[in-house]
Protein chains: 2
Amino acid sequence: MTPSTATRSRKTQIDRTATALFRARGYAATSMRELATALGLEAGSLYSHIKSKEEILHRVCFGLASDFFASFDQATADASVPVATQLRQAIEAHVRVLTRDGAVSAVFLHEWRHLSEPARTEFLALRDRYEAGFRNLIAQGVASGEMHTPDAAFAALTLLASLNWLPSWYRPDGNLGPDEIAHRLAEQLLQGLEGKK
Amino acid sequence: MTPSTATRSRKTQIDRTATALFRARGYAATSMRELATALGLEAGSLYSHIKSKEEILHRVCFGLASDFFASFDQATADASVPVATQLRQAIEAHVRVLTRDGAVSAVFLHEWRHLSEPARTEFLALRDRYEAGFRNLIAQGVASGEMHTPDAAFAALTLLASLNWLPSWYRPDGNLGPDEIAHRLAEQLLQGLEGKK
DNA sequence: CCTACCGATCGGTAGG
DNA sequence: CCTACCGATCGGTAGG
């Protein structure tokens, strides 16, 4: 039997509520009873919609991973654009995905290590592949003389680190919108604090 | 009674082993029985040396916090030095503390949220105060014309984010030593990818 | 530092 | 989606 619309939306609701709890308390410290209570039902009832606690974590982590890939591919699709511009677009795309749902992003960034094998290894492979995209962009920029750094891999790691800190302080109702944040991050990372504007 | 030398070193040993486990599996997912087994004793025996699981976490988080403060204060003690140089020294000092013990650093960065109140709030206040140090340095640099950024607070957050990603990939036996890493990070953050070397 | 144990809570299931 | 429950495990304690 295919799941009815009602069942599917209940599942989505479970994912969303669980994600918020995972973010606030951590995956391991969140109990299925807390989750059930937050949804207004009994613990056992959750299992008509999901198979396990980890299934939720799996969906969140791998779902956002594929969003990141789709977003990156779109930002860098046009090879005729200067590499520095492609990198700016990739940064902006990354920030947009990251700011779309703070709870999902936080769980993606910090709770993936509670995935059991082989999911954990698969997840890390995806993350590696994504980082390689940025690494290649920077390496191309260095080759074309648009950028300068002694180590593209090192630079890519540092760049993504700055971006991935965002979910820990970004507030959707704050002064800065995603686009303005993305722009400032790109400027700061490409120009540096001592560079001229 | 004051603790004997043997008791004190056993306590240190518990802290170290616990920290390694907290890093690998997360605080909530680490059981006192695992910890006891790793130390070759029974679970109940741990409590002759410590009062609670959280006490260990508390010691690790607040201990490293005070190391960071001491290190920062030393790096910025001489006000006659140019601000950009002070910032470089503060970055290098931060990296040195961060690379001294990878497990302690990882727990400090990611597990503090399992502290119960009021420790959790106190910890966040310390972190805020530390960030303010970098914020002020950048603001001074902007005022003196040595640095350029539209938002010193934003720049400080981004800078610390890049640095704090380090424990997730740094390997003590890798190609780059702490000093070389610190130097490259400082260069990249201050000069940017498009800046000239 | 151990043995023996406490009450509480965990993720998940059976049967309706 | 609920009731009732499973075995396992949790942090921590008493008493030696």
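Being a predicted model, the structure only gives us computed values, none of them experimental.

**Student:** So what's going on with the overall build of chain A? Which residues, and what values?
**Tutor:** Helix and strand counts for chain A stand at eight helices and zero strands. Each principal axis of the C-alpha atoms in chain A carries an extent, and together these give about 60 × 35 × 30 Å. Expressed as a percentage of its 197 residues, the buried residues of chain A come to 50%. Considering only contacts in chain A between residues 6 or more positions apart, those separated by 24 or more positions represent 67%. Accessible surface, chain A: about 9500 Å² in total, of which carbon and sulfur atoms supply 52%. When the 22 positive and 22 negative side-chain charges of chain A are each reduced to one mean point, those points stand 5 Å apart.

**Student:** For the protein's contact with DNA strand D, give the residues involved together with the corresponding values.
**Tutor:** Not every one of the 15 residues close to DNA strand D is listed here, only the nearest: Arg-10, Ser-45 and Ser-48 of chain A together with Met-32 and Arg-33 of chain B. Sugar plus phosphate: this is where 56% of the atoms of DNA strand D within 4 Å of the protein reside. The contact in question runs from a phosphate oxygen of DNA strand D to an N or O atom on the side chain of His-49 of chain A, over 3.0 Å. Here the residues of the surface near DNA strand D sort into three nonpolar, seven polar and five charged.

**Student:** Provide a residue-level description of the relation of the copies chain A and chain B, including the pertinent values.
**Tutor:** When chain A is brought onto chain B, the operation consists of a screw motion whose angular component is 180° and whose axial shift is 0.0 Å, with 0.0 Å RMSD remaining. The operation mapping one copy onto its partner corresponds to a two-fold rotation axis. Of every C-alpha in chain A, the one belonging to Gly-192 of chain A sits nearest the axis of rotation, 1.7 Å from it. In this assembly the copies share their binding face: 100% of the residues contributing to the interface of chain A also contribute to that of chain B.

**Student:** Outline the interface of chain A and chain B, supporting the account with residue identities and numerical values.
**Tutor:** Each partner contributes residues to the interface: chain A has 43 residues there, and chain B has 44 residues. With both chains or domains summed, chain A and chain B bury close to 3800 Å², and 58% of this area falls on carbon and sulfur atoms. Between the two partners, chain A and chain B, sit four salt bridges. Run the count over chain A and chain B and you get twelve residue pairs in polar contact (both at pLDDT 80 or more). The set of elements that each furnish at least two residues to the side of chain A that touches chain B consists of helix H1 (5-25), helix H4 (83-100), helix H7 (152-164) and helix H8 (178-191) of chain A. Counting residues per element, the side of chain A that touches chain B draws most heavily on H7 of chain A, at eight residues. Residue composition of the side of chain A that touches chain B, grouped by class: 22 nonpolar, twelve polar and nine charged.

**Student:** Pulling in residues and values, what's your account of the pattern of salt bridges?
**Tutor:** Tallied over the entire structure, the rule returns 20 salt bridges over all chains. Close ionic contact of Arg-184 of chain B with Asp-151 of chain A constitutes a salt bridge, the shortest N to O distance being 3.3 Å. Placement of Arg-184 of chain B in helix H8 (residues 178-191) and of Asp-151 of chain A in the loop between helix H6 (119-143) and H7 is noted, with the two residues assigned to different chains. Residue Arg-100 of chain B pairs with Asp-67 of chain B through a salt bridge whose shortest N-O separation is 3.6 Å. Of this pair, Arg-100 of chain B sits in helix H4 (residues 83-100) while Asp-67 of chain B is found in helix H3 (residues 53-75), placing the two residues 33 residues apart along the sequence. Taking the relative accessible area as the measure of exposure, Arg-100 of chain B reaches 57% and is therefore exposed. Taking the relative accessible area as the measure of exposure, Asp-67 of chain B reaches 32% and is therefore partly exposed. Bridged by salt links that share partners, the residues Asp-15, Glu-55 and Arg-59 of chain A form one connected network.

**Student:** Describe in detail the side chain of Ser-162 of chain B, supporting the description with residues and values.
**Tutor:** With respect to the helices and strands, Ser-162 of chain B occurs in helix H7 (residues 152-164). The contact partners of Ser-162 of chain B, leaving out residues within four places of it in the chain, are Thr-158, Ala-161 and Ser-162 of chain A together with Leu-189 of chain B.

**Student:** Would you mind going over the packing of helix H3 (residues 53-75) of chain A against helix H5 (residues 102-110) of chain A in detail, with residue names and values included?
**Tutor:** When two helices pack together, you describe them by how their axes are tilted relative to each other and by the distance separating the axes. Residue and element names in this part refer to chain A. Direction vectors running N to C along H3 and H5 enclose 100°, while the axes themselves pass 9 Å from each other. Of the possible angle classes, the one that applies to H3 and H5 is roughly perpendicular. Residues Leu-57, Val-60, Cys-61, Leu-64, Ala-65 and Phe-68 of H3 form the contact with H5, whose participating residues are Val-104, Ser-105, Val-107 and Phe-108. A breakdown of the residues in the contact of H3 with H5 according to their chemical character gives nine nonpolar, one polar and no charged.

Each value, and the rule that gives it
- Residues numbered from 1 in each chain as written.
- Chains lettered and ligands numbered in written order.
- Predicted model: local features only at pLDDT ≥ 70, side-chain atom pairs only at ≥ 80, totals over all residues.
- Heavy atoms only, no water.
- Helix = DSSP H or I, 4+ residues; strand = E, 2+ residues; numbered from the N terminus.
- Buried < 20%, exposed > 50% of the residue type's maximum accessible area, 1.4 Å probe, protein only.
- Contact = heavy atoms within 4.5 Å.
- Areas by Shrake-Rupley, 256 points an atom, 1.4 Å probe, with all protein chains shown as cover.
- Lys, Arg positive; Asp, Glu negative; His and termini not counted.
- Charge placed at Lys NZ, Arg CZ, Asp CG, Glu CD.
- Near = heavy atom within 4 Å.
- Polar contact = N/O pair within 3.5 Å; in protein donor to acceptor, adjacent residues only side chain to side chain.
- Nonpolar A, V, L, I, M, F, W, Y, C, P; charged D, E, K, R; others polar.
- Least-squares fit on C-alpha atoms with pLDDT ≥ 70 in both.
- Buried area = accessible area lost by both parts, 1.4 Å probe.
- Salt bridge = Lys/Arg side-chain N within 4 Å of Asp/Glu carboxyl O.
- Axes fitted to C-alpha atoms, helices over the stretch in contact; angles between N-to-C directions.
- Parallel < 35°, antiparallel > 145°, perpendicular 65-115°, else oblique.

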